[in-house]
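Chain residues, written in single-letter form:
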Amino acid sequence: MAEEDYTYKDIIIEHHKHGLGASDGNLLSKVANLGYVPTSCEERLAIIKGLYSKDNDIKTEAMALGDLLENEVFDMLHENDNRWQSNYYFESKKYSRENCKLFVHIDFMLKDDEHKILNWVEHKSTKRDIDYTRHEYANQLFIESMLGKEMTQSLGKGWRFNLQLSHYDTTDFDGNFDPEKIELRKVRFGNGFFDINKTMDIISDKISSMTEYYKDEVDADYLPENVKGKFMEVTNCVNQINELNQKVKLFKDNVYKFMVEKNIKSIKNDYFCVTRVDDTVVPKFDTKEFQKDHKTLYKKYMKNTNRNGYALFKTKN
């Protein structure tokens with residue numbers, strides 16, 4: 001498939017800025033099981049609210065291979081029957097909320113008007129077998145199943161829905177597409193896998209209440225210029241301090257060697273005083289051994305003390 005045909009990925013990325021897709025199935029499942037939105041899911045919702053943006057250019061080798069094989073499979077299907085469509089977008093009316101849509105970009109779709117069958121196919125390329133893959137992507141497949149049924153009902157009376165998982169084993173992939181490695185598995189779910197309506201209500205309420213978002217780890221390049229300038233100013237100061245400390249340490253080491261060699265006890269004038277301090281044996285309490293040998297006594301004299309928080313600043317050079 002030509003490189004320019006991959007621009008559909010940009011459309012998918014844009015849609016994910018305004019709602020949740022079937023690929024967010026694990027997030028939906030987690031919220032459904034907990035009954036609330038955990039901290040680990042807040043970044044995704046902050047993107048939808050417009051409080052946070054994320055670099056979408058990151059693409060692993062496995063992702064690139066998955067895209068390549070997905071398009072190879074589609075080309076094969078489309079050549080056999082040109083009614084097949086790639087990455088069809090369907091937005092749910094039943095489950096979408098005012099501030100959070102729920103949608104799917106199904107990998108392959110064939111709408112068979114003659115037999116009134118809506119065929120959806122989700123494709124995965126993995127080094128695992130199809131059974132493991134079916135289990136691993138169960139939450140995504142469940143969302144696709146429910147939205148596929150919704151679309152089928154919208155088509156009118158007599159329509160049936162067929163969801164399949166397409167799998168390509170990438171073990172020992174040598175760069176050549178082999179149609180023999182494609183497996184197809186029909187996918188069925190009961191409606192009780194988890195409650196999508198209730199889950200979307202929880203997510204919608206959370207998005208409504210969000211007014212700001214900060215990640216645990218912030219990329220300083222996205223800080224305001226004046227703030228970033230202060231960080232760089234302090235960074236330069238710390239680097240200078242480290243360089244000076246290294247010079248002082250080297251000087252002190254050399255002076256000590258000189259004083260030992262010449263048997264000098266001190267060197268001083270009106271500006272400084274250097275005193276030679278030779279190796280000594282310093283008694284030290286072995287806390288770990290005491291704790292191991294006297295656990296009860298150790299606990300008796302243990303106490304908690306408050307330590308003020310602070311920003312630990314380290315430079316990388």
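Note that residues are indexed from 1 along each chain, following the sequence as it is written. Since the coordinates come from a predicted model, pLDDT governs what is reported: local features require at least 70, and pairs of side-chain atoms require 80 or more to be given and counted, while whole-chain, interface and lining totals use all residues. Water and hydrogen atoms play no part in the side-chain values, which are based on all heavy atoms of the structure.

Caption draft 1: Representation of the overall build of the chain in the model. Strands are runs of DSSP state E lasting at least two residues, helices are runs of H or I lasting at least four, and both sets are numbered from the N terminus onward. Summing up its helical and strand segments, the chain has 10 helices and eight strands in all. Both definitions apply: the radius of gyration is a C-alpha atom measure, and the globule rule equals 2.2 Å times residues to the power 0.38. The C-alpha radius of gyration computed for the chain amounts to 31 Å, which surpasses the reference 20 Å derived for 317 residues by more than 25%, pointing to a less compact arrangement than a globule. Summarising its shape, the C-alpha atoms of the chain cover approximately 105 × 50 × 50 Å along the three principal directions. Each residue gets one of three labels from its accessible area relative to the maximum for its type: buried under 20%, exposed over 50%, partly exposed in between, using a 1.4 Å probe on protein chains only. For the chain, buried positions account for 32% of its 317 residues.

Caption draft 2: A look at a negative patch on the surface. Only residues whose relative accessible area exceeds 30% and that form no salt bridge enter a patch; like-charged residues are grouped when within 9 Å of one another, and nonpolar side chains (Val, Leu, Ile, Met, Phe, Trp, Tyr) when within 5 Å. Residue-level accessible areas treat just the shown protein chains as cover; the underlying method is Shrake-Rupley with a 1.4 Å probe. Take a side-chain nitrogen of Lys or Arg and a carboxyl oxygen of Asp or Glu: if they are within 4 Å of each other, that pair is a salt bridge. Asp and Glu are treated as the negative residues and Lys and Arg as the positive ones, with His and the ends of the chain left uncounted. By convention, charge coordinates are those of NZ in Lys, CZ in Arg, CG in Asp, or CD in Glu. A contiguous patch of negative charge on the surface is contributed by Asp216, Glu217, Asp219 and Asp221. Its place among the elements puts aspartate 219 in the loop between α7 (196-209) and α8 (225-261).

Caption draft 3: Quick peek at the packing of helix α2 (residues 25-34) against helix α6 (residues 138-154). Lines fitted to the C-alpha atoms define the axes, with helices restricted to the stretch that makes contact. Angles between their N-to-C directions range from 0 to 180 degrees. Put simply, α2 and α6 touch, their axes get as near as 7 Å, and they point 95 degrees apart. Considering the angle they form, α2 stands roughly perpendicular to α6. Seen from α2, the contacting residues are Gly25, Asn26, Leu28 and Ser29; seen from α6, they are Asn139, Gln140 and Ile143. Ten residues, namely Ala, Val, Leu, Ile, Met, Phe, Trp, Tyr, Cys and Pro, are considered nonpolar, four, namely Asp, Glu, Lys and Arg, are considered charged, and the remaining ones, Gly among them, are considered polar. In terms of residue class, the contact of α2 with α6 is built from two nonpolar, five polar and no charged. These descriptions rest on fixed angle ranges, namely under 35 degrees for roughly parallel, over 145 for roughly antiparallel, 65 to 115 for roughly perpendicular, and the rest for oblique. Contacts are assigned to residue pairs that have any heavy atoms within 4.5 Å of one another.

Caption draft 4: Representation of the environment of valine 274 in the model. With respect to the helices, strands and loops of the structure, valine 274 is situated in strand β8 (residues 273-275). The exposure class of valine 274 is partly exposed, given its relative accessible area of 26%. In this structure the C-alpha to C-alpha distance between valine 274 and lysine 314, which are 40 residues apart in sequence, comes to 30 Å. Not counting residues up to four positions away in its chain, the partners in contact with valine 274 are Val255, Met259, Lys265, Ser266 and Ile267.

Caption draft 5: Focus on the nonpolar core. Only buried residues count toward a nonpolar core, which is a set of Ala, Val, Leu, Ile, Met, Phe, Trp, Tyr and Cys residues joined through side-chain atoms within 4.5 Å. Core analysis: the largest hydrophobic core is formed by 38 residues, its most contacted members being Leu20, Leu102, Trp120, Ile143, Ile196 and Ile203. Secondary-structure elements contributing two or more residues to this core are α2, α3 (42-49), β3 (101-112), β4 (117-126), α6, β5 (160-169) and α7. No other element matches the six residues that α6 contributes to this core. Ignoring sequence-local partners within four residues, the contact set of isoleucine 196 consists of Tyr95, Leu102, Phe142, Ile143 and Met146. Grouped together as the second largest cluster of nonpolar side chains are 10 residues, Phe74, Leu77, Trp84 and Val121 included.

Caption draft 6: How the structure looks around the pairing of β3. In terms of burial, β3 is a largely internal element, 10 of the 12 residues being buried. In this sheet, β3 lies alongside strand β1 (residues 19-21) in parallel orientation, the contact comprising three bridges. Residue pairing for β3: leucine 20 is matched across the bridge by leucine 102. Pairing between two strands requires that DSSP report at least two bridges joining them. One ladder, built from six bridges, connects strand β2 (residues 85-91) with β3; its direction is antiparallel. Residue pairing across strands places tyrosine 88 opposite isoleucine 106, the latter belonging to β3. Between β3 and β4, which follow one another and run antiparallel, lie four residues, and lysine 116 among them has a positive phi close to 55 degrees.

Caption draft 7: Quick peek at the side chain of asparagine 71. Looking at the secondary structure, you find asparagine 71 in helix α4 (residues 61-80). Judged by its relative accessible area of 2%, asparagine 71 is buried. Polar contacts here mean pairs of N or O atoms no more than 3.5 Å apart (in protein, one a potential hydrogen donor and the other a potential acceptor; neighbouring residues in sequence count only if both atoms are side-chain atoms). Side-chain polar atoms of asparagine 71 contact the backbone oxygen of aspartate 67, separated by 2.7 Å.

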